[in-house]
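The residues making up each chain are set out below.
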Amino acid sequence: MPNSAAQTLAEKIIARAAGRSSVKAGEIVTCSVDLAMIHDSGGPRRVKPMLERLGVQVWDPAKIVLVSDHYVPAFDAQSAAILKLTRDWARDQDIEKFYDQQGICHVVLPERGHLSPGMFVVGGDSHSPTGGAFGAYMFGVGATDMAGVLATGDTWIKVPQTILLRWSGSLGEGVTAKDMMLKLCATLGMDGGDYQAIEYSGSTLVGLSMQERMTLSNMAAELGAQTGLIAPDTVTAKAIADAGGDPGNWQDWSGDEDASYRAVHDFNAADLPPQIAAPHSPANAGSVEDVEKTTVDQCYIGACTGAKLVDLHAAARVLKGRKVARNTRLMIAPASTRTTTAAAADGSLAALTEAGAILLPSGCGACAGYGAGVLAEGEVCMASTARNFQGRMGSRESLVYLGSPYSVAATAVMGHIADPRPLLAEGKSA
Amino acid sequence: MKTRLTARRIWKYGDGVDTDLLAPGTYMKGSMEDLAVHCLEAIDPGFAGQVRDGDVLVAGKNFGIGSSREQAAQVLRMLGVTAVIARSFGGIFYRNAFNLGLYALVSDDIDRIEKDHNISVDPLAGRITNETTGEVLACEKVPEHLAAIVSAGGLIPHLEKTLRKAL
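All values derive from a computational prediction rather than experimental measurement. Here the residue numbering is sequential within each chain, running from 1 through the sequence in written order. For this description, chains carry letters from A and ligands carry numbers from 1, given in the order in which they are written. Local features in a predicted model are, by the rule used here, given only for residues with pLDDT of at least 70; side-chain atom pairs are given and counted only at 80 or more, and totals for whole chains, interfaces and linings are based on all residues. Side-chain metrics in this entry use all non-hydrogen atoms of the structure; hydrogen atoms and water are not considered.

Participant: Sorry if this is basic, but what is going on with the pattern of salt bridges here?
Facilitator: Any two side chains of opposite charge can pair, on the condition that their charged atoms come close. All names here are of chain A. Counted as salt bridges are all cases of a side-chain nitrogen of Lys or Arg within 4 Å of a carboxyl oxygen of Asp or Glu. Evaluated as defined, the whole model comprises 35 salt bridges over all chains. One salt bridge in this structure joins R262 and D194, with 3.0 Å as the shortest N-O distance. Here R262 is found in the loop between α9 (234–242) and β11 (263–268), whereas its partner D194 is found in the loop between α6 (177–188) and β9 (197–201), with 68 residues between them in sequence. Via salt bridges that share partners, K84, D88, R91 and D92 belong to a single interconnected network. Only DSSP runs of H or I with at least four residues qualify as helices, and only runs of E with at least two residues qualify as strands; both kinds are numbered from the N terminus onward.

Participant: So what exactly am I meant to see when it comes to the sheet that holds strand β8 (residues 136–138) of chain B here?
Facilitator: Strands pair in a sheet through their backbones, by hydrogen bonds, and they do so in one of two ways: parallel or antiparallel. Residues and elements named next belong to chain B. We call two strands paired when DSSP finds no fewer than two bridges between them. One open sheet holds the four strands; their spatial order is β1-β6-β7-β8, and the pairing between them is antiparallel. Two strands bound the open sheet, and with one partner strand each, they are β1 (5–6) and β8. For strand β6 (residues 119–122) and strand β7 (residues 127–130), the ladder comprises four bridges, and the chain directions are antiparallel. Counted as the bridge partner of V121 is I128 from β7.

Participant: Explain the interface of chain A and chain B here, please?
Facilitator: The accessible area lost on association of the parts is a frequent measure of interface size. A contact between two residues is defined here by any heavy atoms of the two lying within 4.5 Å. Each side of the interface is counted separately: chain A has 38 residues, and chain B has 34 residues. The term buried area denotes the loss of accessible surface (1.4 Å probe radius) that occurs when two parts are joined, taken as the sum for both partners. Roughly 3,100 Å² is buried in total at the junction of chain A and chain B, and carbon and sulfur atoms are behind 50% of that figure. Connecting chain A to chain B are seven salt bridges. Note that B:K29 is salt-bridged to A:D76, the shortest N-O span being 2.6 Å. Pairs of N or O atoms are called polar contacts if they sit within 3.5 Å, as long as, within protein, a hydrogen donor faces a hydrogen acceptor (for residues adjacent in sequence, only side-chain-to-side-chain pairs). For the pair chain A and chain B, the number of links is 19 residue pairs in polar contact (both at pLDDT 80 or more). Contributing elements (two or more residues each) for the side of chain A that touches chain B: α2 (44–54), α3 (77–92), α5 (143–152) and β7 (154–158) of chain A. With five residues, α2(A) is the single largest residue contributor to the side of chain A that touches chain B. Amino acids are sorted into nonpolar (Ala, Val, Leu, Ile, Met, Phe, Trp, Tyr, Cys and Pro), charged (Asp, Glu, Lys and Arg) and polar (every other residue, Gly among them). For the side of chain A that touches chain B, the residue count by class is 15 nonpolar, 13 polar and ten charged.

Participant: I keep staring at unusual backbone geometry and nothing clicks. Help me out?
Facilitator: Working note: non-glycine residues mostly have negative phi, and peptide bonds are mostly trans. All names here are of chain A. In this structure, the amide linkage connecting V72 to the following residue, P73, adopts the cis form with an omega of -20 degrees. One can find P73 in the loop between β3 (64–68) and α3. Geometrically, the link from P279 to H280 is a cis peptide bond, its omega value of 0 degrees lying close to zero. Assignment of secondary structure puts H280 in the loop between β12 (275–277) and β13 (285–287). Here Y195, not a glycine, exhibits a phi torsion of approximately 60 degrees, which is positive. With respect to the element layout, Y195 can be found in the loop between α6 and β9. The cut-offs for exposure are 20% and 50% of the maximum accessible area for each residue type, with area from a 1.4 Å probe on protein chains only; residues under the lower value are buried, those over the upper are exposed, and the others partly exposed. Under the relative-accessibility criterion, Y195 is labelled partly exposed at 21%. Within the chain, K293 stands out as a residue other than glycine whose phi angle is a positive 80 degrees.

Participant: I would appreciate a short explanation of the confidence of the model for chain B in the present structure.
Facilitator: The predicted structure's coordinates, where accompanied by low pLDDT, should not be read in detail. Confidence of the prediction at every residue is given by pLDDT, a number between 0 and 100. In this model, chain B carries a mean pLDDT of 96, and residues with pLDDT of at least 70 account for 99%. Scoring of the predicted complex yields 0.97 for pTM and 0.96 for ipTM.

Participant: Explain helix α10 (residues 309–319) of chain A here, please?
Facilitator: All names here are of chain A. Of all eleven residues in α10, eight are buried, a share of seventy percent or more. Every buried residue of α10 is accounted for by L309, D311, L312, A314, A315, A316, V318 and L319. Trailing α10 by a residue or two, G321 shows a phi angle of about 80 degrees, which is positive.

Set out below in structure tokens:
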């Protein structure tokens, strides 16, 4: 019997931000924003003229994080002008938390300790649900909504229902959070989230690193959800403390046991094979064997969802001592400058470049058709990114397949879409 | 406040028309005018050149899924589109559409509208009249305050107007 006083994690955070003791799904409430994140593409270049038109100032420069990650590094006069405008605005508005070309916003934000459980965070980017991995209610909005947040420090929200996705069992060798997400996209569809909150839970989650959990939360966007929450645990608290942040009373932030959910879906991680999404939707995913042997012109390890340190480690395990096949190319854009530093220090970066990988700058890059590494007409790419929409990565006549960094690395070695598990097993026995 | 609209012409698309089709990333760094020229070109190269003021888009489910870039809604409005009628919308796009002065209307009756039909829409009443077939179709009602935002041309011009009144 559902207890009407019991609340989901989403309801608890929204109630706190709305200054209420409780809220109910379906209500429209106004929330105080704890942190607003914007970037060079949807940020100053869009919101500055709006704020000027209304004659208002930003409400609190200390609660704004600005990251230049889309047009980096500048590749022509237009992109250079966007980066300059962003820099000038940060200076004029006294934005201290400004990260100029340090990596992708969704990775930089937790890396610099800006997220804590229970926070209500608005991001000017659709992959903002990534913050949900830290127990923060974080979601993406367009620039006009963001201008409202920057002017007032508030925004309205329709309290979502929560869809609970429970995973049990341990992932097999060479299978990752990315495979879990592609499986969810195929099962639930890109509208399965229906702009409600998703919450991930279950025994599988306990064993996942923060960066793997971030992949789950990040791709709640691909399920059409508003956010993708994971209740914090000791792994979360440690990661936040290590990044110089404050995990606060993280134990307080979980859903009540008898809270009511719109739906509960159960999945088994133990028997999940590597998943690959065929063009032009993450929901076109299936087992790797369905598309194995498809030859590819480019392999790409990049983006907020697919080029964190754990992702580079996965790729390095496959590529160490091997070479990229002659008929393809492998491009790697580490998700942040700190990712590059760490990968250099632990030797994984050398394993990648010695195999023939081409290193690209940290940023959104080719994933969204910005920056270097885009595709020509007729080209096929295998990528660790989150979206393979038609034309997103370059020519509208190009094809993009999505998979885990293990699968992308195995594809680079074989020259065609490949299951990483045999290569990993071979590596072990050698 | 004039809220009723008559579709000059209908453009019909399927499920999952995403933000990257509406506002391709490759052209996002340029002007809005340059971006608008490429709206939907990957699935309908003739669209941007032929769409006219007062046209309406009718589409399947999850229209505008993907990026938070509100230019996806803005280019449609710039090209003259007054409303998108779809089975469902991506959540971020839905909010962006009203913020940029574009009606996003949820309807289960999209199969009853064809490209060559004449329709008129009353967003406040949640009513679509198909003049060609004589059918009266349903869409979700738009609350008055959202219609006022659309009528002003979007949230920023609406706020500019109301703030000025308040002074």
